[in-house]
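Below are the chains, spelled out letter by letter.
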Amino acid sequence: MNQYSVAKALLGLYTKLPDATLHIQNSVDKLVRRSFYYDRNTSTYNLCNKIIELNSLKADYVNIKVLVDKATAAMDKDARKLLHLRFVKKWKFVKIANYFNVTLRTVFRQYDRAVSGFCLQAERLGYDLNEGEELFGHLPLFLAQAAMQESTK
């Protein structure tokens, strides 16, 4: 997976992160509440490991949010707006072209430059998106988003 695909997967994943972290937190809360009651089939050690695993997953998702926030904040205003409209508001390219009052071809060029600019900013923050599968491959939502990005090519 190249850095361009990883960047699109991270940007597409961005809007799902609040729900994912909330879901993980709810799962942790359920496990904690369940620990108050005796269950001979579940050891405290296994329960603690599951809670640690879920909190680690949540921390990874929060780190992706921070990465996307910092990388897009360092980009120019128009590129940031284009990425916001495309990935957060999920606008089609035609609607974005009408919003910026440019041709569709220009929007595609600007989109490619914006995603490449995001890759550059992520690299400046210390994330080599060429190694995206090593960095984020253990995250279920990232894998699902990357598969969805690959299927829409």
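Every value quoted in this text rests on a predicted model; they were computed, and no experiment measured them.

**Remarks on the side chain of Q121**
The topology assignment puts Q121 in helix α6 (residues 104–124). Residues in contact with Q121, not counting those within four places in the same chain, are A71, A74 and M75.

**Regarding the environment of T103**
Structurally, T103 can be placed in the loop between α5 (93–100) and α6. Relative accessible area serves as the criterion here: at 48%, T103 is assigned to the partly exposed category. As a C-alpha pair, T103 and F93 span ten residues in sequence and 9.8 Å in three-dimensional space.

**Looking at the nonpolar core**
Ranked by size, the top nonpolar core spans 42 residues in total, and within it L10, I64, F118, L129 and F136 carry the most contacts. Where this core is concerned, the elements lending two or more residues are α1 (3–13), α2 (17–35), α3 (44–73), α4 (77–88), α5, α6 and α8 (140–151). Sort the elements by how many residues they give to this core and α3 lands first, with nine residues. With residues near it in sequence (within four places) discarded, I64 still touches L10, L13, L17, F136 and L139.

Analysis parameters
- Residues numbered from 1 in each chain as written.
- Predicted model: local features only at pLDDT ≥ 70, side-chain atom pairs only at ≥ 80, totals over all residues.
- Heavy atoms only, no water.
- Helix = DSSP H or I, 4+ residues; strand = E, 2+ residues; numbered from the N terminus.
- Contact = heavy atoms within 4.5 Å.
- Buried < 20%, exposed > 50% of the residue type's maximum accessible area, 1.4 Å probe, protein only.
- Core = buried A, V, L, I, M, F, W, Y, C linked by side-chain atoms within 4.5 Å.

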